[in-house]
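Summary of the model geometry
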Amino acid sequence: MADARTSTGLAEQFDEMPQQTEASTLGMWTFLATEILFFGALFLSYIIYRHTYHDAFAEASRHTKLLHGSINTFLLLTSSFTMSLAIHSAQQGRNRPLFRFLLLTMFLGCCFLAVKGLEYKSDIDEHLVPGQHFRHDLPVQAQIFWFLYWIMTGVHTLHLVVGVGLLAVIAWMARQNKFTADYHNPVMVSGLYWHFVDVIWVWLYSLIYLINRH
Amino acid sequence: MPKTVLNPPIVPPKTYLWIWIVLLLLLLLNVGLAHLNLGPFNVVATLIIPFAQMLLMLLYLMHVRYNTPLTKIFVAAGFIWLVIMVDLTLSDYLTRGVVPGTMRKTWEHGTWPAPTKELPNAPGKLDSSNP
């Protein structure tokens, strides 16, 4: 009996698969709620300083690289689409398309990281790192904006790196035909994480790159 | 054994395709509006558009729409705590220096109160000109 359960992917504490699915989804959302508060605190600092030093922030944000940011938004929104298609394949127990869509999602994630790297490079070249060598033609408080820029996009990038690693594990499992139409919890839960990282980016893009652009 | 919970429904790929198209259109709209001078509406647009994108992603891509009520409560809890945090913090920051009973402020944002005799070491105006 125990062996039969293990082969279906149903853990012993659950009666049936939908119960296990709900428990994993609930667990993931509990984790994501802590992530909402984690990023929320950073966004809150951003709101307070933007309000306090409005003009300095407006001037500082015009030095962000809009093209890089827009390409990255496109890449992440598209990766969310391919992730959804991966989930759709998983729900039907089709491991082959699942594997391909996961690879495509990871590829788009890596493209995001590459563009972000190029962007960071030009930010550094333009002396936009707070500290002694920060450019002198910007107000002092612009350093607060750039400090928040580095920490917020940096932590987000870190989340994306974790996401790519997570999908690599799921893709490896799909390659071994581990998932069925009944058992595909890991795919669903990883998908939640991936989409969440995308949601954070959409806010970062709007607040860091677009506000006060005109 | 009675079925206590239901499996999430399979969302057709066509729905995902539409969501993707709408998300990209909202991105274009966001970039476009950011380049126009709409006065105070610029900030409103840059807040409403990501909010709409977030809702689409939460409800359809992250399947919150199809979740059980318990999971929906957990999703809502994360955002409710965020609203409490932002609300209480801003109600402090945005009212600092307000003279009670008036709309007047004792000092403007971007500057610290001018040094007084009671505070000999209080910092002066922060917005010093750069070399």
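Along each chain, the written sequence defines residue order, and numbers are assigned to residues from 1. Chains carry letters and ligands carry numbers; both start at the beginning, A for chains and 1 for ligands, and go up in the order they are written. Residue-level local features of this predicted model are given only where pLDDT is at least 70; pairs of side-chain atoms are given and counted only at 80 or more, and the full residue set underlies all totals for whole chains, interfaces and linings. Values reported for side chains reflect all heavy atoms of the structure, with hydrogen atoms and water molecules removed beforehand.

1. Quick look at the overall build of chain B
Helical segments are the DSSP runs of H or I of at least four residues, strand segments are the runs of E of at least two, and each set is numbered from the N terminus. Summing up its helical and strand segments, chain B has 3 helices and 0 strands in all. The helix and strand sequence of chain B, counted from the amino end, reads α-α-α. Exposure is judged per residue with a 1.4 Å probe applied to protein chains only, and the accessible area is read against the type maximum: over 50% gives exposed, under 20% gives buried, and values in between give partly exposed. Buried residues in chain B amount to 27% of all 131 residues. Long-range pairs, those at least 24 residues apart, make up 35% of the contacts in chain B between residues at least 6 apart in sequence. Carbon together with sulfur atoms contributes 73% to the accessible area of chain B, which is approximately 8700 Å² in total. Note on contacts: a residue pair is in contact if any heavy atoms of the two residues lie within 4.5 Å. Areas reported here follow the Shrake-Rupley algorithm with a probe of radius 1.4 Å; residue values treat only the protein chains shown as occluding.

2. What to know about the nonpolar core
Take the buried Ala, Val, Leu, Ile, Met, Phe, Trp, Tyr and Cys residues and link them wherever side-chain atoms come within 4.5 Å; each set so joined is a nonpolar core. Core analysis: the largest hydrophobic core is formed by 67 residues, its most contacted members being W29(A), Y46(A), F145(A) and M62(B). Those elements that provide at least two residues to this core are α2 (17-52), α3 (54-61), α4 (66-91), α5 (95-125), α6 (142-175) and α7 (185-210) of chain A together with α1 (13-34) and α2 (41-61) of chain B. With residues up to four places along the chain from it excluded, the contact list for Y46(A) reads F57(A), F145(A), L148(A), M152(A), L207(A) and I208(A).

3. Observations concerning the interface of chain B and chain A
Each partner contributes residues to the interface: chain B has 63 residues there, and chain A has 56 residues. Buried area is a sum: the accessible area each of two parts loses on coming together, probed at 1.4 Å, counted once for each and added. Taken together, the two surfaces of chain B and chain A that pack against each other cover about 5200 Å², and 73% of this comes from carbon and sulfur. Note on definitions: salt bridges are taken to be side-chain nitrogens of Lys or Arg within 4 Å of carboxyl oxygens of Asp or Glu. Summed over the shared surface of chain B and chain A, the result is 0 salt bridges. When residues of the side of chain B that touches chain A are traced back to their parent elements, those giving at least two are α1, α2 and α3 (69-93) of chain B.

4. A word on the packing of aromatic side chains
Each pair of aromatic rings is reported with the distance of its centres and the angle of its planes. Ring geometry is summarised as follows: Phe, Tyr and Trp rings, the Trp one being its six-membered ring, pair when their centres sit within 6.5 Å, and such pairs are stacked at plane angles under 30 degrees, edge-to-face over 60 and tilted between the two. Scanning the entire structure with this criterion turns up 15 aromatic pairs over all chains. Ring centres of W201(A) and Y209(A) lie 6.0 Å apart, and the angle between their planes is 55 degrees; on these two criteria the pair is classed as tilted. The pair W201(A) / Y209(A) is uniform in exposure class, with both members buried. The rings of Y46(A), F57(A), Y120(A), F145(A), W146(A), Y149(A) and W150(A) are connected pair by pair, giving a single aromatic cluster. Just above the ring of F99(A) sits the side chain of R175(A); from NZ or CZ to the centre is 4.8 Å. Each ring is checked for a lysine NZ or an arginine CZ that lies within 6 Å of its centre and within 35 degrees of its normal; such an atom marks a charge sitting over the ring. Geometry around Y93(B) places R96(B) over its ring, the cationic atom sitting 4.1 Å from the centre.

5. A short note on the confidence of the model for chain B
Chain-level statistics for chain B give a pLDDT mean of 81 and a share of 73% at 70 or above. Scoring the predicted complex yields pTM 0.88 and, for the interface, ipTM 0.92. Confidence of the predictor at the level of single residues is captured by pLDDT, which takes values from 0 to 100.

6. Some thoughts on the side chain of D123(A)
Along the chain, D123(A) turns up in helix α5. The class of D123(A) is buried, set by a relative accessible area of 0%.

7. Concerning a nonpolar patch on the surface
Residues and elements named next belong to chain B. There is a patch of nonpolar side chains on the surface, built from L17, W18, I21, L25 and L28 and spanning about 510 Å² of accessible area. For W18, the position within the fold is in helix α1. The exposure class assigned to W18 is exposed, which follows from its relative accessible area of 52%. Each patch is assembled from residues with relative accessible area greater than 30% and no salt bridge, linking like charges that lie within 9 Å and nonpolar side chains (Val, Leu, Ile, Met, Phe, Trp, Tyr) that lie within 5 Å.

8. Quick look at α4(A)
The end-to-end C-alpha separation of α4(A) is 37 Å, in line with the 38 Å expected for 26 residues at 1.5 Å each. Phi turns positive, to about 70 degrees, at G93(A), one or two residues after α4(A). The span one expects for a helix is its residue count, reduced by one, times 1.5 Å.

9. Considering the packing of α6(A) against α7(A)
Residues and elements named next belong to chain A. Axis angles are defined between N-to-C directions and span 0 to 180 degrees, where every axis is a line fitted to C-alpha atoms and, for a helix, only to the segment in contact. Contact pair α6 / α7: the axes reach a minimum separation of 10 Å and the direction vectors enclose 160 degrees. Comparing the axis directions of α6 and α7 gives the class roughly antiparallel. Helix-helix and strand crossings are classified by hand; for α6 and α7 the assignment is left-handed. Gly falls in the polar group here, along with every residue not listed as nonpolar (Ala, Val, Leu, Ile, Met, Phe, Trp, Tyr, Cys, Pro) or charged (Asp, Glu, Lys, Arg). When grouped by side-chain class, the residues that make up the contact of α6 with α7 number 20 nonpolar, 5 polar and no charged. In what follows, roughly perpendicular refers to angles from 65 to 115 degrees, roughly parallel to angles under 35, roughly antiparallel to angles over 145, and oblique to any angle outside these ranges. Handedness of a crossing is defined here by the sense of rotation of the near helix relative to the far one, left-handed for an anticlockwise turn of less than a right angle and right-handed for a clockwise turn.

10. A look at the pattern of salt bridges
Oppositely charged side chains can form a pair if their charged atoms are brought close together. All names here are of chain A. With the rule as written, the count across this model stands at 7 salt bridges over all chains. Here K65 and D123 are joined by a salt bridge, their closest N and O atoms 2.8 Å apart. Here D123 lies in helix α5 and K65 lies in the loop between α3 and α4, a separation of 58 residues in the sequence. Pair check on accessibility: K65 and D123 agree, each one buried. Taking the shortest distance from any N to any O, the salt bridge between K116 and E119 comes out at 3.0 Å. Residue K116 and its partner E119 are both found in helix α5; the two are separated by 3 residues, about one turn of the helix. Here the salt bridges share partners, and the residues they tie into one network are K65, D123, E126, R135 and D137.

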